[in-house]
Amino acid sequence: MRGRALLKNGAMALLWLVVAAFLLFPFYYAVVSSLREGSALFDASLWPSDPTFANYRAVMTDQPFATNILNSLLVAFSVVVLSLGLAVFASYAFGRAKFKGRRLLLYTILGVSMFPQVAVLSGLFEIVRLFGLYNSLLSLVFSYMIFTLPFTVWVLTSFMRDLPVEIEEAAIMDGASSWTIVIRVFLPLLAPALVTTGLLAFIAAWNEFLFALSFTLTNEQRTVPVAIALLTGASQYELPWGNIMAASVIVTLPLIALVLVFQRKLVAGLTAGAVKG
Amino acid sequence: MSKISAIEKARARSAWLFVLPMLVVLALVAAWPLARTIWFSLTNATLVDPTTYDFIGFDNFLAYDEGRWYGILTDPQWLNALGNTLIFAVASVSLELVLGVIIALIVNAALPGRGLMRAAMLVPWAIPTVVSAKIWQWMLNDQFGVVNAMLEGAGLIDGPVAWLGGSSLAMVSIVMVDVWKTTPFVALLVLAALQTLPKEIYEAARVDGIHPVKVFFRVTLPLIKPALVVAVIFRLLDAMRMFDLVYVMTGSSEETMTLSVFARQALVSFQDVGYGSAASTGLFAIIALLTVIYIMTLRPLGRDSGA
């Protein structure tokens, strides 16, 4: 009996290793490739024989890649702050108050989260030009609201709804205004939910490509995904794979670190987002 | 009690004040641009001078002129993109579902290091799509790619395979990359559902000596079905609007062009705002229809009649 259990666990562990290898190999190979230079890049072995950081130096000095990272950080942080700020108040109304049209509004917001981004591209482009935001990071902060707002509102609403009534009752009896209740009572209780949704919004904004590609023009205004997608070498037909892999590793490592640290919260937020919308 | 109900009324009034800022932003960023896109789809506007255009009705969608049909609905390129999008969506989502369930069952085993395993599952999801696209483009490179080198080393192929170069293989590759990126996400959702299942049922099934495969199909699958349905719907709607992976890996090549890539090409590369808007409106209509069906049949807010 023990032998059989051992065998079964051994087989399971082997399956785990296969799955993990499948999931992690591409990133591992990107790291290996980023440490190779020149003709070593064309050697497809799985271990860097002569590792060099030349690609990393090249990306940071030949390209405005540091600016691109800063752009992405600025945009993602602003998007998180703005969408959380708007969503906290909206979700208080949706989660705790009964008012006419609440259901219809929530369904509309759910509908917006399904929008194909390309469907608003020409209309958004017009607004962006009208406000003189073309080729400015503000155009991205503004347009990213279309996917972060519905998501944060929906998830925070489900968190708000699950908090017990007693919490609020005492405050209401004391005559506190709704504003005070949100700021003093709910905000501290929502802190874990805010971390999760904020993180998910940050990742979504950090990764966005279509709007960033369409609303920025110069290399200095680009965010990281666009910069990487459009990274070119000496000639048009020869892609600088070493540099691209180095850039990829630079922007992915912090994300992986974040994901590992907040693993449990993220999974909880993702499942809440999917199960409840 | 009456004090509470009076407060409830006051709160209902202030509720609108609380939702308003969010609604204004959503109107500016979603409703208005969408309305403009639909409007543009009925015009011949161009990007060169977007302020002067004529209203041309449904000509961008379907028009008959001098013995020929025009408009996206008869445009072989658009129909091709529609076909590609459907193939991509159905193939990637069904593979992700099957593999996601299998991986969730594997990871659900009680072995030490399950936390690490779950963390590993988040890695493909956390890598920006553009970055995944570039990494796979490099790995699938026909001359220097590690995939060809490994397959050749194992004796599975004779010469280099052009994975992304203008054949139906390109779509296979794109589906494969999407499956790699998104299966872990589906698996995490399934895993969360698996962990809510009561352990007693499995104890009982084990005591009665029922085969695990039968237990899976008779017990586990029906119980996790609601979670699976939601995952499939979200993945399908997401796959229908696929843009970045295709755009980065194969550009606007015909074999893989999706509806989003087609629409952006018409809008930006060909500067044809009218036609591109018609293409986007078409995609929007398809997705809106799917969303309405989803909300009507599944009612994610529950069936209670409350406001």
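Note that the coordinates shown come from a computational prediction; the quantities given were computed from them, not determined experimentally.

The rules behind the values
- All residue numbers refer to position in the chain's written sequence, counted from 1.
- As they are written, the chains are lettered A onward and the ligands numbered 1 onward, keeping that order.
- Note on the predicted model: pLDDT of at least 70 is required for a residue's local features to be given, and 80 or more for side-chain atom pairs to be given and counted; whole-chain, interface and lining totals, by contrast, use all residues.
- Neither water nor hydrogens contribute to the side-chain values; these are computed over all heavy atoms in the structure.
- The numbering of helices and of strands both runs from the N terminus, where a helix is a DSSP run of H or I of at least 4 residues and a strand a run of E of at least 2.
- The buried label goes to any residue with under 20% of its type's maximum accessible area, the exposed label to any with over 50%, and the partly exposed label to all in between, with areas taken from a 1.4 Å probe on protein chains only.
- Only heavy atoms matter for contacts: two residues are in contact if any of them lie within 4.5 Å across the pair.
- Each radius of gyration reported is based on C-alpha atoms, and the globular scaling rule is 2.2 Å times the count of residues to the power 0.38.
- Here the open area of atoms and residues is found with the Shrake-Rupley method and a 1.4 Å probe, where only the protein chains shown may cover a residue.
- Ring geometry is summarised as follows: Phe, Tyr and Trp rings, the Trp one being its six-membered ring, pair when their centres sit within 6.5 Å, and such pairs are stacked at plane angles under 30 degrees, edge-to-face over 60 and tilted between the two.
- Cation placement over rings: the criterion is NZ of Lys or CZ of Arg within 6 Å of the ring centroid and within 35° of the ring normal.
- Just to be clear on terms, a salt bridge is a Lys or Arg side-chain nitrogen sitting within 4 Å of an Asp or Glu carboxyl oxygen.
- Within 3.5 Å is the distance limit for a polar contact, defined as a pair of N or O atoms, with the added protein rule that one can donate a hydrogen and the other accept it, and that residues adjacent in sequence qualify only through two side-chain atoms.
- A residue's pLDDT is the predictor's confidence in that residue, given on a scale from 0 to 100.
- By convention, the term buried area covers the 1.4 Å-probe accessible surface removed from two parts as they join, with the contributions of both added.
- Cavity: a set of points on a 1 Å grid over the protein atoms alone where a 1.4 Å probe fits but cannot get out. Pocket: an open set with protein on both sides within 12 Å along at least five of seven lines, its lining residues, like those of a cavity, having an atom within 4 Å of a point.
- Grid points are joined across faces, edges and corners, and a volume is the space filled by probe spheres set on the points.
- All residues other than Ala, Val, Leu, Ile, Met, Phe, Trp, Tyr, Cys, Pro, Asp, Glu, Lys and Arg, Gly among them, are scored as polar; the first ten of these are nonpolar and the last four charged.
- Bear in mind that the domain bounds are from an automatic or database domain assignment.
- Multiply 1.5 Å by the residue count of a helix minus one, and that product is the helix's expected span.
- To get the bend at a residue, fit one axis to the 7 residues ending there and another to the 7 starting there, then take the angle between the axes.
- To qualify as a nonpolar core, a set must consist of buried Ala, Val, Leu, Ile, Met, Phe, Trp, Tyr and Cys residues joined through side-chain atoms within 4.5 Å.

### Overview of the overall build of chain A
Thinking step 1. When its secondary structure is counted, chain A shows 12 helices and zero strands.
Thinking step 2. Moving toward the C terminus, one meets the helices and strands of chain A in the order α-α-α-α-α-α-α-α-α-α-α-α.
Thinking step 3. Dimensions of chain A, computed from C-alpha atoms along their principal axes, come out at roughly 75 × 75 × 30 Å.
Thinking step 4. Looking at chain A residue by residue over its 277 residues, the buried ones come to 57%.
Thinking step 5. When contacts within chain A are restricted to residue pairs at least 6 apart in sequence, long-range pairs at least 24 apart make up 72% of them.

### What to know about the overall build of chain B
Thinking step 1. Counting its regular elements, chain B contains 11 helices and two strands.
Thinking step 2. For 307 residues, the compact-globule estimate of 2.2 N^0.38 gives 19 Å, and the C-alpha radius of gyration of chain B, at 25 Å, exceeds that figure by more than 25%.
Thinking step 3. Dimensions of chain B, computed from C-alpha atoms along their principal axes, come out at roughly 80 × 75 × 35 Å.
Thinking step 4. Within chain B, the proportion of its 307 residues that are buried is 50%.
Thinking step 5. Restricting the contact set of chain B to residue pairs at least 6 apart, pairs at least 24 apart contribute 62%.
Thinking step 6. Summing over all exposed atoms, chain B offers an accessible surface of approximately 14,300 Å²; the carbon and sulfur share of this is 67%.

### Section: the packing of aromatic side chains
Given two aromatic rings, one states the distance between the centres and the angle between the planes to describe the pair.
Thinking step 1. Following the criterion strictly, the structure yields 29 aromatic pairs over all chains and no others.
Thinking step 2. Ring centres 6.4 Å apart and planes at 55 degrees place the aromatic pair Phe262(B) and Tyr275(B) in the tilted group. Of this pair, Phe262(B) sits in helix α10 (residues 259-269) while Tyr275(B) sits in helix α11 (residues 273-298), placing them 13 residues apart in sequence. The pair formed by Phe262(B) and Tyr275(B) is uniform in burial state, with each residue classed as buried.
Thinking step 3. Put simply, the rings of Phe89(A), Tyr92(A), Trp179(A), Phe186(A) and Phe18(B) pair up and form one aromatic cluster.
Thinking step 4. Arg36(B) extends its terminal NZ or CZ atom over the ring of Phe40(B), reaching a point 5.0 Å from the ring centre.

### Observations regarding the pattern of salt bridges
All names here are of chain B.
Thinking step 1. Scanning the entire structure with this criterion turns up six salt bridges over all chains.
Thinking step 2. The shortest N-O distance in the salt bridge between Glu203 and Arg206 comes to 3.5 Å. With a gap of three residues between them, Glu203 and Arg206 both fall in helix α7 (residues 199-207), about one helical turn apart.
Thinking step 3. A salt bridge links Asp238 to Arg241; the nearest nitrogen and oxygen atoms lie 3.0 Å apart.
Thinking step 4. The class for Asp238 is partly exposed, based on a relative accessible area of 34%.
Thinking step 5. The exposure class assigned to Arg241 is partly exposed, which follows from its relative accessible area of 22%.
Thinking step 6. Here the salt bridges share partners, and the residues they tie into one network are Glu96, Asp178, Arg235, Asp238 and Arg241.

### Details of the side chain of Ser122(A)
Thinking step 1. Relative to the helices and strands, Ser122(A) is located in helix α5 (residues 121-130).
Thinking step 2. A distance of 3.1 Å separates the side chain of Ser122(A) from the side chain of Ser277(B), its partner in a polar contact.
Thinking step 3. Filtering out sequence-adjacent residues up to four positions away, Ser122(A) remains in contact with Thr37(B), Phe40(B), Leu267(B), Val273(B) and Ser277(B).

### What to know about the confidence of the model for chain A
Thinking step 1. Here chain A shows a mean pLDDT of 87. Residues at 70 or above account for 95%.
Thinking step 2. When mean pLDDT is compared element by element in chain A, helix α9 (residues 210-215) of chain A scores highest at 95, while helix α12 (residues 263-275) of chain A scores lowest at 69.

### Here we look at the interface of chain B and chain A
Thinking step 1. Tallying the contact residues gives 97 residues for chain B and 102 residues for chain A.
Thinking step 2. Approximately 8,900 Å² of surface area, both sides summed, lies buried where chain B meets chain A, with 79% of it carried by carbon and sulfur atoms.
Thinking step 3. Applying the counting rule to chain B against chain A returns one salt bridge.
Thinking step 4. A salt bridge links Arg36(B) to Glu126(A); the shortest N-O distance between them is 2.6 Å.

### Notes on empty space enclosed by the protein
Thinking step 1. Summed over the entire model, instances satisfying the criterion amount to two cavities of 30 Å³ or more.
Thinking step 2. When its volume is computed, the largest cavity comes out at roughly 1,400 Å³.
Thinking step 3. If you go around the largest cavity, you meet 48 residues; those closest to its centre are Ala204(A), Trp125(B), Arg235(B), Asp238(B) and Arg241(B).
Thinking step 4. Counting only elements with at least two residues in the lining of the largest cavity, the list comes to α4 (102-113), α6 (137-162), α8 (178-207) and α12 of chain A together with α6 (168-194), α8 (212-240) and α9 (244-250) of chain B.
Thinking step 5. Top contributing element to the lining of the largest cavity by residue count: α8(B), with seven residues.
Thinking step 6. Looking at side-chain class alone, the lining of the largest cavity contains 32 nonpolar, nine polar and seven charged residues.
Thinking step 7. Of the volumes computed, that of the second largest cavity is approximately 30 Å³.
Thinking step 8. Residue lining of the second largest cavity: Val93(B), Glu96(B), Leu97(B), Val186(B), Ala231(B), Val232(B) and Arg235(B), and that is the complete set.
Thinking step 9. Grouping the amino acids of the lining of the second largest cavity by side-chain chemistry returns five nonpolar, no polar and two charged.

### Considerations on the side chain of Thr256(B)
Residue and element names in this part refer to chain B.
Thinking step 1. By secondary structure assignment, the location of Thr256 is in the loop between α9 and α10.
Thinking step 2. On the basis of relative accessibility, which here comes to 1%, the residue Thr256 falls in the buried class.
Thinking step 3. Within the local environment of Thr256, its side chain forms a polar contact with the side chain of Thr250, the two groups lying 2.7 Å apart.
Thinking step 4. Not counting chain neighbours up to four residues away, the residues in contact with Thr256 comprise Asn84, Ala170, Met171, Ile174, Val246 and Thr250.

### Structural notes on the domain arrangement of chain A
All names here are of chain A.
Thinking step 1. One can read the domain layout of chain A as domain 1 (2-42) and domain 2 (63-275).
Thinking step 2. Placing a centre on the C-alpha atoms of domain 1 and another on those of domain 2 gives a separation of 32 Å.
Thinking step 3. Listed by partner, the interface residues are six residues for domain 1 and eight residues for domain 2.
Thinking step 4. Our enumeration of links across domain 1 and domain 2 arrives at zero residue pairs in polar contact (both at pLDDT 80 or more).
Thinking step 5. Taken together, the residues of the side of domain 1 that touches domain 2 sort by class into four nonpolar, two polar and no charged.

### Description of α8(A)
Thinking step 1. If you check α8(A), its first and last C-alpha atoms are just 36 Å apart, much less than what 30 residues at 1.5 Å a residue would give, namely 44 Å.
Thinking step 2. Its maximal kink placed at Ala191(A), α8(A) deviates by approximately 60 degrees, while the proline Pro192(A) follows within four residues.

### Describing the nonpolar core
Thinking step 1. Ranked by internal contacts, the top residues of the largest apolar core, which has 195 residues, are Phe94(A), Met22(B) and Trp125(B).
Thinking step 2. Here this core gathers at least three residues from each of two domains, domain 1 (2-42) and domain 2 (63-275) of chain A.

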